[in-house]
Amino acid sequence: MSAESVDETAEAVSAVDNATPSKKIRLLPPDAPLLSVQNVTTSFLTPRGVVTAVSDVSFDLYTNEVVGIVGESGSGKTVLSRTLMGLQPKRGVQVDGSIQFATPFTGTADEVEGPMDENPLVGFEIARAKESELRKIWGTDIAMVFQDPMTSLNPVVRVGTQISEGLRVRLGMSRANAKKRAIELLTQVGIPSPEERYRMFPNQLSGGMRQRVMIAIALACNPRLLLADEPTTGLDVTIQAQILNLLEQLQADYKMSVILVTHDLGVVATRTDRIIVMYAGRIVEMGTTRDVFYSHRMPYTEALLGSTPKVADPSHTRLTTIPGRPPDILNLPQGCSFAPRCKYVTEKCLSERPELTPSEATGHFFACWNPIPARAVPVASPRASANEIGVDSDRD
Amino acid sequence: MKLELTVTATEITPAVEENERKVLLSVENLKVEFRRGGHVVSAVAGVSFDIYEGETLGLVGESGCGKSTTGRALMRIEKPTSGSVQLDGVEMTKMKGRQLRLTRRKLQMIFQDPVSSLNPRRRVRDIVAEPIDCWRAAKGKERDDIVFELLTKVGIDPRVYGNRYARQFSGGQCQRISIARALAMKPKMLICDEMVSALDVSIQAQILNLLEDLKKEYGLTLLFIAHDLAVVKNVSDRVAVMYLGRFCEIGPSDTLYAQPAHPYTKFLLEAALDADPDSPRHDEVLGGEPPSPLNPPSGCRFRTRCPQATDLCASEEPQMQTLSEGHQVACHFPLIPVRR
């Protein structure tokens, strides 16, 4: 990180914590997104050169919204979710761009520039925050559920202790209260006989149970944003259905925003409001779930959907394949990263990189020079609109 | 690199008439038990099925249900505790030594992890040639020609990649090499154990299509073991559903997926997620987790999680009964009526 950006960090930190009278804090508008990601690029400095795993990613995430990030391995989806969380180490990793998280403002009116709203929000810059600053929002504002619950849980600490730890450290609960709340959480995530499980070690639980414990830890301090990175990969289908239903129900109960990172299009199809499709570190298509599934413009999205077998299709349905394999992010092609595998490739695709542009039909974004024609998006069945209930963001 | 293979030998079609189908592999009451610290785990608790020549039988189930152990027992990687496995009418379970090795040539297995099933220190052409060398099936130019043809068939250009080492390949390419090696001795049957579950969807589709092409070209019979219901349906002619060491249901893919007769099959299918926002959502999901195979429930093994279980299910183990042509279920109260 350059000296200049270190200065900026210091400024940003002081702006949040103790503003001087000469420099007043600018509040975010009340309808500001919960998370505003602008031109985020994450690069790793490796012996083989600078590897840019995430390039120029921008999107907004609103309160109570569920966004799916899909892509194949190496598409940068996990690096992106770790960057959003502020989990990238400072050494050897460079994060550019801005990740602004809207946190409630707790100061007084005279610290604020202009009039103060009813529930004032102030931006917290995750991309340049120090770890000590990040620790204040980890767990309480942003929580994460990782793919592998066995390696994320401490094998020599009882699961109950691991849940109540966060409650005691972040919320300052007493030992007894934290235990009570932890058992409550275990019940909430559907673990039978929670008192007994409270005293167990992670290895005594099955994979599904461990993932439930991870979710309980993530929800312990009532976060406003939950980042779930492949939460059901490696679990059996019936357990996957249980966990996804649980996440959906908790999202509605807690009125959280959720980012669901997965390689499985089936996981995001019925459980997200919007989808971001990533390829070689960039967003290649982004829009509402229905627009992306039914009126995708980017050939990669089409190819990804075509190569996914469906239970509803008759057996021996020929799958459409994408020739070749995902590119090596160390030497990406000059133009569109997907061009070498794309069947609609043109001269321009090989030399110039397409930017995200809105689709004239649906308004969702795609990055392609030779897009697939827009199609009509079928009207959602009544079930989808039932999810709209409880959209009001009246959280405490 | 040439990736899409064109099918040349279309005249070999697996769809032989119903009454003249030949049973290639016949499994009767197969049991595999493991002894661990005084306990007996019955991983496979008596399964019976036939695989017809030229068909693909899919085997689905959740982890720990014994589907992989079944596949391994057929290969005699695990020794069956009891039961019979007949390949082409020849009993395999009692075979030993050279006779077993000779029979195994007809039966080849492809494993889940493509990278660790290939020797990282050997060249690709030698990996593929190993079965030929072992059996001294061909030498010199003839051997090289077979290897060249096999690698070309699976979409690995032998002139470019033949001399490379297995570690230099991606997962999808390693799986192609595994297929080439498995085909080297012209087997009659392939057992594919979760062969695409470690691959990305785009690569998975390539391998599945390749498998379909090769199956037609070489007239192969497949036992396709996987946990992914959509993948299994895509490749299989018939599908068997396994739970805790036993078969719940077996039937033609399209029939079984459209009209599951066993409550477990129904729950399993409802839990599968299709990449379609308008696919039906089922809010009633199967609760709980499979019981330990160390101490399986009495009677029907699914009864502890089954919403319609009765006393009969606890006391009496359901036997396979026929619903329609080729569709069988092991349930006292099947979801579709039994043909009398």
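Since we're looking at a predicted model, the values are computed, not measured. (Residues numbered from 1 in each chain as written. Chains lettered and ligands numbered in written order. Predicted model: local features only at pLDDT ≥ 70, side-chain atom pairs only at ≥ 80, totals over all residues.)

Description of the overall build of chain A
The test is simple: Numbered from the N terminus, helices here are DSSP runs of H or I no shorter than four residues, and strands are runs of E no shorter than two. To get the radius of gyration, use the C-alpha atoms; to get the globule rule, take the number of residues to the power 0.38 and multiply by 2.2 Å. Counting other C-beta atoms within 10 Å of a residue's C-beta gives its exposure: the residue is buried at 20 or more, exposed at 12 or fewer, and partly exposed in between, where C-beta atoms are placed from the backbone. We call two residues in contact when their backbone-placed C-beta atoms lie within 7 Å.
Each helix and strand counted, chain A has 14 helices and twelve strands in total. In terms of overall dimensions, chain A is globule-like: its C-alpha atoms have a radius of gyration of 22 Å, near the 21 Å expected for 396 residues. Projected onto its principal axes, the C-alpha positions of chain A cover 65 × 55 × 50 Å. Counting the 396 residues in chain A, one finds 44% classified as buried. Look at the contacts in chain A between residues 6 or more apart in sequence, and 66% of them connect residues 24 or more apart.

Looking at the overall build of chain B
Helix and strand counts for chain B come out as eleven helices and twelve strands. Computed over C-alpha atoms, the radius of gyration of chain B comes to 21 Å, within 12% of the 20 Å expected from 2.2 N^0.38 for 340 residues, which places it in the range of a compact globule. The proportion of buried residues among the 340 residues of chain B is 46%. In chain B, 66% of the contacts between residues at least 6 apart in sequence involve partners at least 24 apart.

So, the interface of chain B and chain A
The criterion, for reference: Residue type decides the class: Asp, Glu, Lys and Arg count as charged, Ala, Val, Leu, Ile, Met, Phe, Trp, Tyr, Cys and Pro as nonpolar, and the leftover types, Gly among them, as polar.
At the interface, 39 residues of chain B touch 43 residues of chain A. Listing elements by their share of the side of chain B that touches chain A, those giving two or more residues are helix 7 (201–218), helix 8 (229–235), helix 9 (253–258) and helix 10 (263–271) of chain B. Of all the elements, helix 7 of chain B adds the most residues to the side of chain B that touches chain A, at seven residues. For the side of chain B that touches chain A, a count of residues per class yields 19 nonpolar, eleven polar and nine charged.

Thoughts on the sheet that holds strand 2 (residues 39–52) of chain B
Residues and elements named next belong to chain B. Using the following cut-off: At least two DSSP bridges between two strands are required for those strands to pair. In this description, a line fitted to the C-alpha atoms serves as the axis of each element, helices being fitted only across the stretch in contact, and the angle between N-to-C directions of two axes falls anywhere from 0 to 180 degrees.
The strand order 2-1-4-5 describes an open sheet built from four strands, whose pairing is antiparallel. Looking along the sheet, the strands with just one partner apiece sit at the ends: strand 2 and strand 5 (90–91). Alignment of strand 1 (residues 23–36) against strand 2, held across eleven bridges, turns out to be antiparallel. When the sheet's bridge partners are listed, L25 is paired in strand 2 with I51. Contacts from helix 1 (residues 67–74) reach strand 1, strand 2 and strand 4 (82–87) within the one sheet, and its direction differs from that of strand 2 by about 70 degrees.

A look at the pairing of strand 6 (residues 142–145) of chain A
Residue and element names in this part refer to chain A. Burial of the side chains of strand 6 extends over both faces: I142 and M144 are buried on one face and A143 and V145 on the other. Here strand 6 pairs with strand 7 (residues 225–229) via four bridges, running parallel. Counterpart to V145 in the pairing with strand 7 is A228.

Things to note about the confidence of the model for chain A
Residues and elements named next belong to chain A. How we decide: Scored from 0 to 100, pLDDT reflects the predictor's confidence in each residue.
Scored by pLDDT, chain A comes out at a mean of 86, with 90% of its residues at no less than 70. Ignoring residues within four places in sequence, the model shows residues 1–16, a span with pLDDT below 50, making 13 contacts including any to other chains. Per-residue pLDDT stays below 50 along residues 384–396; that stretch engages in seven contacts with residues further than four places along the chain or on separate chains.

Focus on the packing of helix 5 (residues 159–171) of chain A against helix 8 (residues 207–219) of chain A
All names here are of chain A. Stated formally: Angle categories are assigned with fixed cut-offs, so that under 35 degrees is roughly parallel, over 145 is roughly antiparallel, 65 to 115 is roughly perpendicular, and the rest are oblique. Put simply, a crossing is left-handed when the front helix is turned counterclockwise from the back one by less than a right angle, and right-handed when it is turned clockwise.
Following both chains from N to C, one finds helix 5 and helix 8 inclined at 20 degrees, their axes separated by 8 Å at the closest point. The pairing of helix 5 with helix 8 is recorded here as roughly parallel in orientation. Viewed along their axes, helix 5 and helix 8 form a crossing whose handedness is right-handed. Along the contact surface, helix 5 presents V159, Q162, I163 and G166, while helix 8 presents V213, A216 and I217. The residue inventory of the contact of helix 5 with helix 8, partitioned by class, reads five nonpolar, two polar and no charged.

Details of unusual backbone geometry
Unlike most non-glycine residues, A:D56 shows phi in positive territory, near 50 degrees. Among the structural elements, A:D56 can be located in strand 2 (residues 49–61). A tally of 17 C-beta atoms within 10 Å means that A:D56 is categorised as partly exposed. Its identity is not glycine, yet B:R76 carries a phi of approximately 65 degrees, on the positive side. Note on placement: B:R76 falls in the loop between helix 1 and strand 4.

Some points on helix 2 (residues 77–85) of chain A
Residues and elements named next belong to chain A. Most of helix 2 is tucked away: nine of the nine residues are buried. Inspection of helix 2 places K77, T78, V79, L80, S81, R82, T83, L84 and M85 among the buried residues, and these make up the whole buried set. G86 sits one or two residues past helix 2 and shows a positive phi near 80 degrees.

Let's talk about the domain arrangement of chain A
Heads up, the condition is: Domain start and stop positions are those given by an automatic or database domain assignment.
By domain assignment, chain A separates into domain 1 (1–62 + 84–131), domain 2 (138–226 + 238–255) and domain 3 (276–376). Of the residues in the side of domain 1 of chain A that touches domain 3 of chain A, the class split is five nonpolar, three polar and two charged.

A word on the sheet that holds strand 9 (residues 238–243) of chain B
Residue and element names in this part refer to chain B. If you walk across this open sheet you meet the eight strands as 6-7-8-3-9-10-12-11, and the pairing is mixed. Single-partner strands in this sheet number two, and they are strand 6 (107–110) and strand 11 (321–324). Strand-to-strand twist across the sheet, computed as the mean angle between neighbouring axes with direction ignored, equals 20 degrees. Here strand 10 (residues 246–252) pairs with strand 12 (residues 327–329) via two bridges, running antiparallel. Paired with I250 across the bridge in strand 12 is Q328. Contacts between helix 10 and the sheet are confined to strand 9 and strand 10, with strand 9 contributing the most and set at about 105 degrees to the helix.

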